[in-house]
Amino acid sequence: MNTRLIQRCIMLLIPLTLCLYGVDTIKETPIPQTAYGSLSKYYMLETRKNDTNYSIVFESVTANTLLFIRSEINCSTRSIRMMGSSPRSVKDIANNPSDWLSHPRIGTIEFDLITFVCK
């Protein structure tokens, strides 16, 4: 009787373990900043190349705010635009594209993102 119970438990645990092992996790890669003494931290969550542009999702963390932001970067022109943001999750980012910003100033997150993605 105990052998059957153990076999059933093993048969239940194997698929459960395989499912949990295959769960996607978001890897947060810190984005180096050029602004000295910045209190904000930025983490890259996703990077995808679409033709000539990169579609990225990053996380902005301050003392009292967490924001998920989707952006698009054109490395050849060194331009960036914000596509949308959400304080809740990556899935809740609404598509609301801004105008393209060309050659942002050193010390801004836009400059740091272009530098990081267009290595």
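Scroll up a little and you will see the structure.
Source: prediction; values computed, not measured.

Draft legend 1. Structural view of the state of the cysteines. Counting across every chain of the model gives 1 disulfide. Note that Cys75 is cross-linked by a disulfide to Cys118, the S-S spacing being 1.9 Å. On the sign convention where negative means left-handed, the S-S torsion of about -80 degrees between Cys75 and Cys118 marks this disulfide as left-handed. Residue Cys75 is found in the loop between strand E4 (66–74) and strand E5 (79–86), and its partner Cys118 is found in the segment after helix H2 (109–117); the two are separated by 43 residues along the sequence. Its relative accessible area of 18% is what places Cys118 among the buried residues.

Draft legend 2. Examining the pattern of salt bridges more closely. Per the stated rule, a full pass over the model turns up 3 salt bridges. Between Glu46 and Arg48 there is a salt bridge, with its nearest N and O atoms 3.6 Å apart. According to the relative accessible area criterion, Glu46 is partly exposed, its value standing at 24%. Exposure remark for Arg48: the relative accessible area of 51% places this residue in the exposed category. Of the charged contacts in the structure, one is a salt bridge between Arg88 and Asp92, with a shortest N-O distance of 3.3 Å. Residue class for Arg88 comes out exposed when judged on its relative accessible area of 64%.

Draft legend 3. Inspection of the nonpolar core at higher detail. Core analysis: the largest hydrophobic core is formed by 14 residues, its most contacted members being Ile31, Met44, Ile56, Phe58, Ile73, Leu113 and Val117. Considering every element that reaches this core, the biggest residue donor is H2, with 5 residues. Not counting residues within four places of it along the chain, the set of residues in contact with Phe58 comprises Ile31, Tyr42, Tyr43, Met44, Leu45, Leu67, Phe68, Ile69, Ser71, Ile109 and Leu113. One finds Val57, Phe68, Val90 and Ile93 within the second-largest nonpolar core, a separate group that totals 5 residues.

Draft legend 4. Quick peek at the environment of Asn53. Mapped onto the elements of the fold, Asn53 is located in strand E3 (residues 53–61). A C-alpha to C-alpha distance of 4.6 Å links Asn53 and Asn74, two positions 21 residues apart in sequence. Apart from residues lying up to four places away in sequence, Asn53 is in contact with Arg48, Glu72, Ile73, Asn74 and Trp100. Among the polar contacts made by the side chain of Asn53, one reaches the side chain of Asn74 at a distance of 3.1 Å.

What counts and what doesn't
Residues numbered from 1 in each chain as written. Predicted model: local features only at pLDDT ≥ 70, side-chain atom pairs only at ≥ 80, totals over all residues. Heavy atoms only, no water. Disulfide = S-S within 2.5 Å. Helix = DSSP H or I, 4+ residues; strand = E, 2+ residues; numbered from the N terminus. Buried < 20%, exposed > 50% of the residue type's maximum accessible area, 1.4 Å probe, protein only. Salt bridge = Lys/Arg side-chain N within 4 Å of Asp/Glu carboxyl O. Core = buried A, V, L, I, M, F, W, Y, C linked by side-chain atoms within 4.5 Å. Contact = heavy atoms within 4.5 Å. Polar contact = N/O pair within 3.5 Å; in protein donor to acceptor, adjacent residues only side chain to side chain.

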